[in-house]
Amino acid sequence: MKYNVLLLGSGGREHALAWGIAKSPKLEQLFIAPGNPGTESLGKNVQLNASDFDEVWEFIQAHSIHLTIVGPEQPLVEGIADFLEEKCHAVFGPKQQAAMLEGSKEFAKDFMKRHDIPTAGYEVFSQDEFDKAAEYIIEKGEYPVVLKADGLAGGKGVLIPENESDAISALEELQDGSLSDAASRLVIEEFMEGEEASVFAICDGDSYKVIGNAQDHKRIGEGDTGLNTGGMGAYSPAPIVTKELLKRVESEIIQPTVSGMKSEGNPYQGILYVGLMITKDGPKVVEYNCRFGDPECQVIVPAMRSDLLEVIISCTEGRLSETDIELDDKYRCTVVMVSGGYPQSYDKGKEIRGVDKVDSGILFHAGTKIENGKLLTNGGRVLNIVGEGESLHEAIDNSYTQVKKISFEKAFFRNDIGAKGIKRLA
Ligand code: AMP
Ligand code: GLY
C-alpha cells in the first residue's frame with residue numbers, strides 16, 4: 001500500500017521531516033500544512049489551521065489521507081490526535097493526556113515523582129499563592145532558583161533568578177505579566193548544575209527506540225549568553241552522551257517514562273524528546289517535549305538510513321518492536337540563520353541571496369517565503385544549514401562554509417555551534 005500523508009507545521013523541523021518522508025517508496029502524496037518554500041519541492045503546501053480540527057478533518061477526507069504527522073506541540077496539547085483517532089484516522093503524535101508531559105510542567109513533575117525518574121526537586125503553587133511561593137523561596141534561600149509557568153509558553157516560561165529580589169520580581173512577572181496565562185500554576189524547582197543534552201526516542205505506546213541525541217544552543221549569543229530563542233543551532237551526536245550515559249538515560253528515564261505512561265492508561269505514541277541535565281550525580285530530566293526538537297530534528301532525521309515513513313507507520317500500528325531502525329554514524333551540525341533583532345522584533349521581507357551556491361550538506365527552510373520569484377525572509381529563524389562529516393569538526397566546518405555563501409540584510413548566526421562538543425573531544 002502507498003500512503004497519502006499530511007504533515008502539520010511550517011518550520012525547519014517540518015522541512016526535515018518532509019525531506020525524510022519524501023524519500024520513502026511507501027509515499028504516494030505528501031501534503032504539508034502550511035509548510036514553507038523548502039517543503040514545496042517535496043510535496044504540496046496547503047493552507048490549513050492545525051488548531052481547527054474540523055478543517056483538518058475535511059481536508060483529510062477530501063484528499064484520502066491515510067496518515068497525519070504532527071510537527072509542533074500546540075495541536076497535540078490541544079488534542080488533535082484524540083480527535084482524529086476517534087475518526088479512525090492514523091496520527092503520529094501523542095494524545096492530549098500523553099502530550100501533557102510537555103503541556104503541563106506540574107503533570108510532568110508529578111509523573112516523574114510517581115515513577116522515581118530523576119529530576120530536580122520542586123513545589124507547585126497556584127497563581128494566587130504568591131505569598132506562599134515567596135515565603136518558600138526565601139526560607140530555602142538557595143539561588144539560583146528555577147521558576148516555571150506550568151503551561152505552554154513558547155520556550156519563554158522559565159525564569160532563573162539569582163537572588164531574593166530578582167526572585168520576587170520573577171514571581172510578579174509570572175503572576176501579572178506576559179506569562180500570567182501560562183502560569184495559572186507555578187512550579188518552583190531546584191537549580192541543577194551541569195551540561196544539557198537531549199535524547200530522542202520514537203514510541204508506539206508500548207515500546208520505544210532511541211533515534212539520536214543532540215545538543216541545542218538556546219541562547220541568542222555566543223558562549224550561551226543573552227535571551228532564550230527557539231534554538232540557534234544543534235549538533236549530533238553529542239560527545240557528552242556516551243554509551244554508558246545513554247544506558248542510564250534509557251534505564252532510569254526513557255523506559256520508566258514509556259512504561260509509566262502505559263501503566264497509567266496514557267500510552268505514549270510519537271516522538272519523546274527528553275531534555276536532560278547531565279549532573280555530577282547522573283542524568284536528570286529538565287523537561288519533556290512531545291515532539292521533535294527544532295533545530296535538533298534537522299540533524300537527527302538525516303542520520304536515519306531506515307525508511308522514516310515506514311518507521312512512523314509502524315508506531316501508529318503498534319509494531320515498532322518488530323521494526324529495525326538503522327542510523328548512520330556521521331556527525332551533523334546545523335547553524336540557524338536568523339533575522340537581526342530575533343528573538344525580539346525583527347524585519348521581514350528581506351531578499352535572501354546565495355542559496356543557489358550551497359553545494360554540500362542540506363538546506364532546510366524555516367521563516368522564508370517566495371514573492372515575485374524572489375526568496376525573502378519571513379520569520380525570526382530563517383534558514384538551517386546542515387553540514388555533515390566523519391568528525392564533529394568536519395561537520396561544523398562544512399556547515400559554516402555553506403552559511404557564509406548566504407546573505408540577507410541583518411542576517412545573524414552564532415559562530416560557536418558545536419564548540420562545546422569540540423571542547424569535550426579535545
Ligand atoms: P525548560 O523549558 O523546562 O526546558 O527550561 C528552559 C531552560 O531553562 C532549560 O533548557 C535549562 O537551560 C533551564 N532550566 C530549566 N530547569 C532547570 C533546572 N531545574 N536547573 C537548571 N536549569 C534549568
Ligand atoms: N530546540 C528546542 C525545542 O525544540 O524545544
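Scroll up to find the structure this text is about.
As the structure is a computational prediction, the values presented were derived from the model and not from experiment.

Criteria and cut-off values
Along each chain, numbering runs from 1 in the same order as the chain's sequence is written. Just so you know, chain letters begin at A and ligand numbers begin at 1, following the order they were written in. Where totals are concerned, whole chains, interfaces and linings use all residues; where local detail is concerned, this predicted model gives features only for residues with pLDDT of at least 70, and gives and counts side-chain atom pairs only at 80 or more. Computation of side-chain values covers all heavy atoms of the structure but excludes hydrogens and water. Throughout this document, a residue counts as near a molecule or strand when at least one of its heavy atoms sits within 4 Å of that molecule or strand. Under this definition, polar contacts are N or O atom pairs within 3.5 Å; protein pairs additionally need one hydrogen-donor-capable and one acceptor-capable atom, and for neighbouring residues in sequence, both atoms have to be side-chain atoms. For accessible areas, the Shrake-Rupley method is used with a probe of radius 1.4 Å. Any residue's cover is judged against the shown protein chains and nothing else. Put simply, Ala, Val, Leu, Ile, Met, Phe, Trp, Tyr, Cys and Pro go in the nonpolar bin, Asp, Glu, Lys and Arg in the charged bin, and everything else, Gly too, in the polar bin. In this description, strands pair whenever DSSP reports at least two bridges between them. Counting from the N terminus, the helices are DSSP H or I runs at least four residues long and the strands are E runs at least two residues long. What makes a nonpolar core is a set of buried Ala, Val, Leu, Ile, Met, Phe, Trp, Tyr and Cys residues whose side-chain atoms join them at distances within 4.5 Å. Per-residue accessibility, obtained with a 1.4 Å probe over protein chains only, is compared with the maximum for each type, and a residue is labelled buried under 20%, exposed over 50%, and partly exposed between these values. Every residue pair with non-hydrogen atoms within 4.5 Å of one another is taken to be in contact. A fitted line through C-alpha atoms serves as each axis, taken over the contacting stretch for helices, and the angle formed by two N-to-C directions is quoted from 0 to 180°. The scheme is simple: roughly parallel for angles under 35 degrees, roughly antiparallel for over 145, roughly perpendicular for 65 to 115, oblique for anything else. By definition, turning the near helix anticlockwise from the far helix through less than a right angle yields a left-handed crossing, and turning it clockwise yields a right-handed one. Classification of ring pairs uses Phe, Tyr and Trp, with its six-membered ring standing for Trp, and accepts pairs whose centres are within 6.5 Å; under 30 degrees between planes counts as stacked, over 60 as edge-to-face, and the remaining range as tilted.

**Q** Is there a simple way to think about the site of ligand 2 in this case?
**A** Around ligand 2, the neighbouring residues are Asp216, Gly230, Tyr273, Asn289, Arg291, Gly293, Asp294, Pro295 and Glu296. Aspartate 216 has a polar side-chain atom sitting 2.8 Å from a nitrogen atom of ligand 2. Surface burial for ligand 2 is 88%, taken as the share of its 200 Å² of free accessible area covered by protein chains. Taken together, the residues of the shell around ligand 2 sort by class into two nonpolar, three polar and four charged.

**Q** I'm lost on the sheet that holds strand β2 (residues 27-34) in this one. Help?
**A** Within a sheet, neighbouring strands are paired by backbone hydrogen bonds and run either parallel or antiparallel to one another. Pairing is parallel across the open sheet formed by five strands, whose spatial order is β3-β2-β1-β4-β5. A single partner strand is all that each edge strand has here, and the edge strands are β3 (44-45) and β5 (90-92). Sheet topology places strand β1 (residues 3-9) next to strand β4 (residues 67-70); four bridges connect them, and they run parallel. Among the inter-strand pairings, leucine 7 is bridged to a residue of β4, identified as isoleucine 69.

**Q** Help me out: how do you make sense of the nonpolar core in this one?
**A** If you look at soluble globular proteins, the nonpolar side chains tend to sit buried side by side. Membership of the largest hydrophobic core comes to 71 residues, with the highest contact counts inside it found for Leu6, Ile80, Leu101, Ile254, Tyr268, Val274 and Tyr288. Here this core gets six residues from one element, more than from any other, and that element is helix α9 (residues 243-263). Every residue in contact with valine 274, bar those within four places of it in the chain, is listed here: Ala197, Ser198, Val199, Ile253, Ile254, Val285, Glu287 and Tyr288. Tyr3, Leu30, Leu67 and Ile202 belong to the second-largest nonpolar core, a separate cluster that totals 36 residues.

**Q** I tried to follow the site of ligand 1 on my own but got confused; where do I start?
**A** With respect to spatial proximity, 15 residues lie near ligand 1, and among them Glu189, Glu190, Met192, Glu196 and Glu287 are the closest. Contacts to ligand 1 include glutamate 190, whose backbone N or O atom sits 2.9 Å from a nitrogen atom. In this structure, an oxygen atom belonging to ligand 1 sits 2.5 Å away from a side-chain N or O atom of glutamate 196. Contact with the protein chains covers 90% of the free accessible surface of ligand 1, which is 470 Å².

**Q** I would appreciate a short explanation of the side chain of serine 24 in the present structure.
**A** Among the secondary structure elements, serine 24 is positioned in the loop between α1 (12-22) and β2. Of the residues examined, serine 24 reaches a relative accessible area of 6% and is grouped as buried. Filtering out sequence-adjacent residues up to four positions away, serine 24 remains in contact with Asp307 and Leu309.

**Q** I'm lost on the sheet that holds strand β7 (residues 145-149) in this one. Help?
**A** One open sheet holds the four strands; their spatial order is β6-β9-β7-β8, and the pairing between them is antiparallel. For this open sheet the edge positions go to β6 (122-126) and β8 (158-159), each flanked by a neighbour on one side alone. Across two bridges, β7 lies against β8 in antiparallel orientation. Bridge pairing in β8 places lysine 148 opposite valine 158. Along the sheet face, helix α7 (residues 130-140) touches β6, β7 and β9 (185-190) and points at about 155° away from the line of β6.

**Q** What is the right way to read the packing of α7 against helix α8 (residues 164-176) from this model?
**A** Close contact between α7 and α8 brings their axes to 10 Å; oriented N to C, the two are set at 155°. Between α7 and α8, the crossing angle belongs to the class labelled roughly antiparallel. At the point where α7 passes α8, the crossing takes the right-handed sense. Contacts between α7 and α8 involve Phe130, Ala133, Ala134, Ile137 and Ile138 from the former and Glu164, Ala167, Ile168, Leu171, Glu172 and Gln175 from the latter.

**Q** Could you clarify how one ought to interpret the environment of glycine 141 in this entry?
**A** Structurally, glycine 141 is set in the loop between α7 and β7. Exposure remark for glycine 141: the relative accessible area of 41% places this residue in the partly exposed category.

**Q** When you look at the packing of aromatic side chains in this model, what are you seeing that I'm missing?
**A** Within a pair of aromatic rings, the relevant descriptors are the distance that separates the centres and the angle that separates the planes. Applying the stated criterion across every chain, the model contains eight aromatic pairs. Their ring planes at 80° and their centres at 5.2 Å tell us that phenylalanine 31 and phenylalanine 59 sit as a pair that is edge-to-face. Taken together, the residues phenylalanine 31 in strand β2 and phenylalanine 59 in helix α2 (residues 53-62) connect sequence positions 28 residues apart. The burial state of phenylalanine 31 is the same as that of phenylalanine 59; both residues are buried. An angle of 45° between the planes, with centres 6.1 Å apart, marks the rings of tyrosine 400 and phenylalanine 413 as tilted. Residue tyrosine 400 is found in helix α12 (residues 392-403), and its partner phenylalanine 413 is found in the loop between β22 (411-412) and α13 (419-425); the two are separated by 13 residues along the sequence. Judged by its relative accessible area of 19%, phenylalanine 413 falls in the buried class. Joined through ring pairs, the aromatic side chains of Phe200, Tyr273 and Phe292 make up one cluster.

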